[in-house]
2 protein chains.
Amino acid sequence: MDLTEAQAIVDEALSARKMAIIVGECSVKYHGRAASKLSSGERVVLIKGDGSFLVHQNSGLAAINYQPPKGTITTKLGEDTLVIRATRKKPAELLEAIFSKVFSASSFSLRDDSSLRVFGTEKNLSDLIMQKPDLVEEGLTVLNQESPLSKGKIDIFARDKKGNSVVIEVKRRTAGLKEVTQLQRYVDEVGKRLDTKTRGILCAPKITPSALHMLEEKNLEFCTLDYEIHNPSAKIRSIKKKQKGLGDYL
Amino acid sequence: MDLTEAQAIVDEALSARKMAIIVGECSVKYHGRAASKLSSGERVVLIKGDGSFLVHQNSGLAAINYQPPKGTITTKLGEDTLVIRATRKKPAELLEAIFSKVFSASSFSLRDDSSLRVFGTEKNLSDLIMQKPDLVEEGLTVLNQESPLSKGKIDIFARDKKGNSVVIEVKRRTAGLKEVTQLQRYVDEVGKRLDTKTRGILCAPKITPSALHMLEEKNLEFCTLDYEIHNPSAKIRSIKKKQKGLGDYL
DNA sequence: GCGATCAGCGGCACG
DNA sequence: CGTGCCGTTGATCGC
């Protein structure tokens, strides 16, 4: 396809805020928060109505180069090239796709009012625990969900049978080291404000060995959260307290 | 475009591992690590040679639904629909795009041997500090880069003039709470193995107020890392030690 | 394969 | 705006 023709199609799409799809051979330069160079190859470029700019190769899930929405996009015809440039300020960034060949350029006005509904998120699981805190521990009284801390927020804040404060951090997938330190931070801050004894419970489907080790060192607790996702919601199958050194008896 | 015709184009692309681009009205269902529903709307679907599957709306940088590479993709013609299904096991996931209309379906064999070269990464900055450790502190001797710890690795491990061990963690952007706890973890582990005094220095362009507070509480140190990216590499302009409570005198 | 970490992370919510 | 944090995070590298 002629580069001039391709430019006309892209320009029209830009002014009408339509989705533009350009397939061709291009190189890509980026300069902003970092800098990158991608030498010539055949790719697909998507330009969306909000200014989102994506360069896709024929492999890999993620776009190889991109520019977030709300910037400015311009086209420029060179000697033997069509240059499409996407810029934004704050942060100052420039993305440039230099096309030497365009196989196809097209645009589409896409009507789409729908937004995604997701189930099985952390918040979703947290809600379910809120409804049945006994699953975590018998006699637990929930005081608050998403309690704002000076920095960050506690998923679930509760009180146990003995009157101790309990901080529960819920994770939808395997917990690692940073999840333990995150919980520790919350426990520290709560312990500083109220000076009652404060327990911390990490609630996740799994925990890595080293994270479990660190957790026990800090006298925090772990609960295995067994859940399933059966449309259109998540459901907790069980929450079991991790017995310290259970494996030693097997 | 006729759905049968669209299916033929997609099938041919799949068997030849070409990039397929389908534009049309579809709804999308996902079930796997989580679950989601996206009701009908007009979108662009990309299917790549490696099986990557992407559903894009006309706004937003990220794909609204997707399936990572290496799965299986099949098409099925229904009464008035074309269903494209992408599945994978481990984790078990199913993504289904149900097309009621297809405006355009096309495929492209894309030749592309290039991979992205990026500058201004953390590793890049770490390398530069390795070459001139004096920028961080006069008299610093680098012992090791990317020292493997039992879990994780230290960006730069050094010794100061007085013979203390120094753990340096480099960040390419504003450091927050989790970067402080990360450094603390490394310092703790080093301190446990060698029982010399161990200092920890966080080196980043900025640090958030609460992170700075926590850092000082833990007797760790912060250095402002001022760098610029001038193709094709990064360059450090300066590294300045954060004076404790400097702001108090202003 | 799991585990830990980086990423131009993106996106959202809240102050 | 910055700050914190979740995400179907993805991608990479080491064990």
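All values derive from a computational prediction rather than experimental measurement. (Residues numbered from 1 in each chain as written. Chains lettered and ligands numbered in written order. Predicted model: local features only at pLDDT ≥ 70, side-chain atom pairs only at ≥ 80, totals over all residues. Heavy atoms only, no water.)

Caption draft 1: Broad picture of the pattern of salt bridges. Taken as a whole and assessed by the stated rule, the structure comprises 38 salt bridges over all chains. Among the salt bridges present, the one from A:E93 reaches A:R33, with a minimum N-O distance of 2.8 Å. With A:E93 in strand β7 (residues 93-108) and A:R33 in the loop between β1 (19-31) and β2 (35-47), this residue pair connects regions lying 60 residues apart in the sequence. A salt bridge links B:R199 to B:E221; the shortest N-O distance between them is 2.7 Å. (Salt bridge = Lys/Arg side-chain N within 4 Å of Asp/Glu carboxyl O. Helix = DSSP H or I, 4+ residues; strand = E, 2+ residues; numbered from the N terminus.)

Caption draft 2: Spatial organisation of the protein's contact with DNA strand D. If you check the shell around DNA strand D, you find 27 residues, and the closest are A:R172, A:R173, A:Y186, B:R33 and B:S210. Sugar and phosphate atoms constitute 80% of the interface atoms of DNA strand D, taking the interface as everything within 4 Å of the protein. Note that a phosphate oxygen of DNA strand D is positioned 3.0 Å from one of the backbone N or O atoms of A:E122. The set of elements that each furnish at least two residues to the surface near DNA strand D consists of α3 (177-193) of chain A together with β4 (65-67) and α4 (209-217) of chain B. Broken down by element, the surface near DNA strand D gets its largest block of residues, three residues, from α3(A). (Near = heavy atom within 4 Å. Polar contact = N/O pair within 3.5 Å; in protein donor to acceptor, adjacent residues only side chain to side chain.)

Caption draft 3: Layout of the packing of α3(A) against helix α3 (residues 177-193) of chain B. α3(B) packs onto α3(A) with a crossing angle of 110° between their chain directions and a minimal axis gap of 10 Å. By the angle class used here, α3(A) and α3(B) are roughly perpendicular. Contacts between α3(A) and α3(B) involve A:L177, A:K178, A:T181 and A:R185 from the former and B:L177, B:K178, B:T181 and B:R185 from the latter. Tallied by class, residues from the contact of α3(A) with α3(B) come to two nonpolar, two polar and four charged. (Axes fitted to C-alpha atoms, helices over the stretch in contact; angles between N-to-C directions. Parallel < 35°, antiparallel > 145°, perpendicular 65-115°, else oblique. Contact = heavy atoms within 4.5 Å. Nonpolar A, V, L, I, M, F, W, Y, C, P; charged D, E, K, R; others polar.)

Caption draft 4: Molecular detail of the relation of the copies chain B and chain A. Screw-axis analysis of chain B against chain A gives a translation of 0.0 Å along the axis, an RMSD of 0.1 Å, and a rotation angle of 180°. This pairing of chains is accounted for by a two-fold axis. Residue by residue, 100% of the interface of chain B is reproduced at the interface of chain A, so both copies engage with the same surface. (Least-squares fit on C-alpha atoms with pLDDT ≥ 70 in both.)

Caption draft 5: Here's a closer look at the layout of surface pockets. In this structure, the largest pocket encloses a volume near 870 Å³. Broken down by secondary-structure element, the contributors of at least two residues to the lining of the largest pocket are α3 and α4 (209-217) of chain A together with α3 and α4 of chain B. Class assignment of the residues belonging to the lining of the largest pocket gives a composition of six nonpolar, 10 polar and 16 charged. Of the voids in this model, the second largest pocket is the one considered here, and its volume is about 500 Å³. Lining the second largest pocket are 20 residues, with A:R172, B:Y30, B:R33, B:A34 and B:E93 positioned closest to its centre. If you list the elements that add at least two residues to the lining of the second largest pocket, you get β13 (221-230) of chain A together with β4 of chain B. Here the lining of the second largest pocket is composed, by residue class, of 10 nonpolar, four polar and six charged. (1 Å grid on protein atoms, 1.4 Å probe; cavity = no way out; pocket = protein on both sides within 12 Å on 5 of 7 lines; lining within 4 Å. Points joined across faces, edges and corners; volume = space filled by probe spheres on them.)

Interpretation note: all reported values are geometric properties and have no functional meaning in isolation.
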